[in-house]
Amino acid sequence: MCSSSVIYGHKVDLIAMLDTTVVQEFQEIVGTNHALQEEALTATYTADWTGRFQGKSPMVLRPADTSQVSELVKLAARAGLSIVPQGGNTGLVGGSVPLNEEIVISTLRMDHCEPVDVLAQQVTVGAGTTLANAQAHVSPFNLDIGVDLAARDSCTIGGMIATNAGGINVVRYGPMRDQLLGIEAVLSDGSIISHLEGLEKDNTGYNFPGLLAGSEGTLAIITKARLRLHPRLNERCSAMIAFKTVDDAVVATSQLRRTLPALQAVEVIFGEAMSLVSDHIGASVPVGLGSQAWLIVEVAAANDPTDQLANAIDDLGPLAADVAVGLDTATRNGLWEYREKITEAIATQGTPHKLDVTLPASRLSEFVNEVPSLISTVDGQATAVMFGHLGDGNVHVNILGADGNEPDEGVDDAVLNYVAELGGSISAEHGIGTAKREFLHLNRTEAELAAFRAIKRGLDPRGILNPNVLLPPEDS
Ligand code: FAD
Ligand code: 2HG
Ligand code: ZN
């Protein structure tokens, strides 16, 4: 059908790599419409959200259910093909795209949500369900998914599990791993493991949900998940608080965590990020122009938590330089826009290196204050745009090079070594992917890496599942 195309130069070579009978067998499993080969059709599956990681694939397969995934994996294993599992392709570490011409298995068609189990406060959803659809599915029952993040319209539950996504409510509900009560997945030999009963207590051996959360597609392809749900807290109030120094924001965050039982989110925007995002959304800085840091604090409860928030802000005294409060949905959303549009604002400036790190609370302000000069010693023209989830000690450091180009590679090395020196983590919530695997040794000992490799070999002896991510190559 497409082997004679001259428009898509490299496609002919790629397709030639796949035996025609193998191609036919793949097509028989998912149907020809869901076995994509034309580069025009595969393009959105082969480049990542940031545009920094671009690959190519001989075939993107879109199975409808778990048994089709199982058949695809069996066939790939037999044919010696490697697989990149993909959900919404919103990952930010280059883990979701085929960088060495792997086939892609996209879960997007596996988006069925089973009826909400109100009695148990749980739901089982297909791995390809977007977070927004899962939220919409459970909200009529006054229930909520514990993890929320700005990519909610595109990211999938399977991808969120595979990356152990964090987002804005970790301070209250924990990351994706904490939401998991059961999982169904296809292993590298095509066998299916399924444990979806959702028993709150179930000590019957190894915990697959815990193992697969954060495994980044290297151990299995997740096909369904049983999620714990939380009562939906409809009474909400948000505030943006400006601080003269980074340290004031860190101290205030700790105080708010101690004094606000209804605390739902504590997010931070530092100076460079605030000016970039306000330009991007075409609005002025709401409060505290010239400050070094702004917190967005949200409280949520069954009964109006506004007084609770107002009292807690009063108690901050002179720490808080200025405050804007959002009582109604429109004003709250207006404040949140400054936080949620930062990633998009950065993307308009070029291709950044995204470093997503956690610091111990006692080293946070030192880190944030030091990073700009650290970066400039490596690349004099690079700028650091910083923001994140301060309640969890998680700072997103986006580094842009001159004229929107990527910065000097050495900036990653300098920042991540500094993080490790301060006792932090080189990946807070986005995962290791391709982007950080050469730095994994900064946080993991030889013994830990050996245990990781043993797990990988045990579950994927041929190394066909997402071979380019997480574990550093053995000879590095
Ligand atoms: P993909 O990008 O498709 O894949 C991510 C990884 O998971 C890859 O390694 C892939 O192989 C693997 N994978 C995907 N599906 C499966 C599956 N079914 N089985 C096995 N492996 C699988 N992340 C946060 O943690 N917190 C945030 O606040 C946050 N905000 C974001 C905001 C924006 C605007 C954007 C663009 C991204 C943001 N992210 C955030 C990153 C991203 O949304 C998350 O990492 C998300 O969990 C990825 O889900 P996905 O479905 O897009 O996965
Ligand atoms: C967020 O918190 C995301 O908004 C994206 O994790 C972070 O763009 C980034 O670096
Ligand atoms: Zn984040």
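Residues numbered from 1 in each chain as written. Chains lettered and ligands numbered in written order. Predicted model: local features only at pLDDT ≥ 70, side-chain atom pairs only at ≥ 80, totals over all residues. Heavy atoms only, no water.

## Focus: the overall build of the protein chain
Okay, so step 1: Looking only at helices and strands, the protein chain has 16 helices and 16 strands in total.
Okay, so step 2: For the protein chain, whose C-alpha radius of gyration is 23 Å, the value lies close to the compact-globule estimate of 23 Å for 476 residues.
Okay, so step 3: Each of the three principal axes of the protein chain carries a C-alpha extent, and together these read 70 × 60 × 45 Å.
Okay, so step 4: Taken over 476 residues, the protein chain has a buried fraction of 55%.
Okay, so step 5: Considering only residue pairs separated by 6 or more positions, the protein chain has 75% of its internal contacts joining residues 24 or more positions apart.
Okay, so step 6: Summed over all atoms, the accessible surface of the protein chain reaches about 19700 Å², with 49% contributed by carbon and sulfur. (Helix = DSSP H or I, 4+ residues; strand = E, 2+ residues; numbered from the N terminus. Rg over C-alpha atoms; globule rule 2.2 N^0.38 Å. Buried < 20%, exposed > 50% of the residue type's maximum accessible area, 1.4 Å probe, protein only. Contact = heavy atoms within 4.5 Å. Areas by Shrake-Rupley, 256 points an atom, 1.4 Å probe, with all protein chains shown as cover.)

## Re the sheet that holds strand E2 (residues 60–61)
Paired through backbone hydrogen bonds, the strands of a sheet run either parallel or antiparallel to each other.
Okay, so step 1: An order of E1-E2-E4-E3 is seen for the 4 strands of this open sheet, with the pairing classed as mixed. This sheet does not close on itself; its edge strands, each paired only once, are strand E1 (35–36) and strand E3 (83–86).
Okay, so step 2: Across the sheet, helix H4 (residues 66–79) is in contact with E2, E3 and strand E4 (103–106); its angle to E4 comes to roughly 170 degrees. (Pairing = 2+ DSSP bridges. Axes fitted to C-alpha atoms, helices over the stretch in contact; angles between N-to-C directions.)

## Quick look at a negative patch on the surface
Okay, so step 1: On the surface, Asp-408, Glu-409, Asp-413 and Glu-438 cluster together into a negatively charged patch.
Okay, so step 2: Inspection of the secondary structure puts Glu-438 in the loop between helix H15 (410–421) and helix H16 (446–459).
Okay, so step 3: On the basis of relative accessible area, Glu-438 is assigned to the exposed category, the value being 56%. (Patch = residues over 30% accessible without salt bridge, like charges linked within 9 Å, V, L, I, M, F, W, Y side chains within 5 Å. Salt bridge = Lys/Arg side-chain N within 4 Å of Asp/Glu carboxyl O. Lys, Arg positive; Asp, Glu negative; His and termini not counted. Charge placed at Lys NZ, Arg CZ, Asp CG, Glu CD.)

## A few points about the site of ligand 2
Okay, so step 1: Taken together, Leu-92, Arg-339, Thr-343, Lys-354, Phe-387, His-389, His-396, Asn-398, Glu-429 and His-430 make up all the residues around ligand 2.
Okay, so step 2: Relative to its unbound accessible area of 290 Å², ligand 2 is 87% covered by the protein chains.
Okay, so step 3: If you list the elements that add at least two residues to the shell around ligand 2, you get strand E15 (383–389) and strand E16 (394–400).
Okay, so step 4: Counted by class, the shell around ligand 2 contains 2 nonpolar, 5 polar and 3 charged residues. (Near = heavy atom within 4 Å. Nonpolar A, V, L, I, M, F, W, Y, C, P; charged D, E, K, R; others polar.)

## Considering the packing of helix H9 (residues 246–259) against helix H14 (residues 364–378)
Okay, so step 1: Axis separation between H9 and H14 bottoms out at 9 Å; the angle between their running directions is 150 degrees. In terms of orientation, H9 and H14 fall into the roughly antiparallel class. Considering only the axes of H9 and H14, their crossing is right-handed. In this structure, H9 uses Val-246, Asp-247 and Val-250 to contact H14, whose residues at the interface are Leu-364, Ser-365, Val-368 and Asn-369.
Okay, so step 2: Partitioning the contact of H9 with H14 into residue classes produces 4 nonpolar, 2 polar and 1 charged. (Parallel < 35°, antiparallel > 145°, perpendicular 65-115°, else oblique. Left-handed = near helix turned anticlockwise from the far one by under 90°.)

## What to know about helix H5 (residues 131–138)
Okay, so step 1: Those residues of H5 lying buried are Leu-131, Ala-132, Ala-134, Gln-135 and Val-138. Looking straight down H5, one finds that the buried residues subtend no more than 160 degrees of arc, so they occupy a single side.
Okay, so step 2: Buried residues along H5 sit in contact with strand E5 (122–126), strand E6 (143–145), helix H6 (157–163) and strand E9 (221–231). (Arc of directions from axis to C-beta.)

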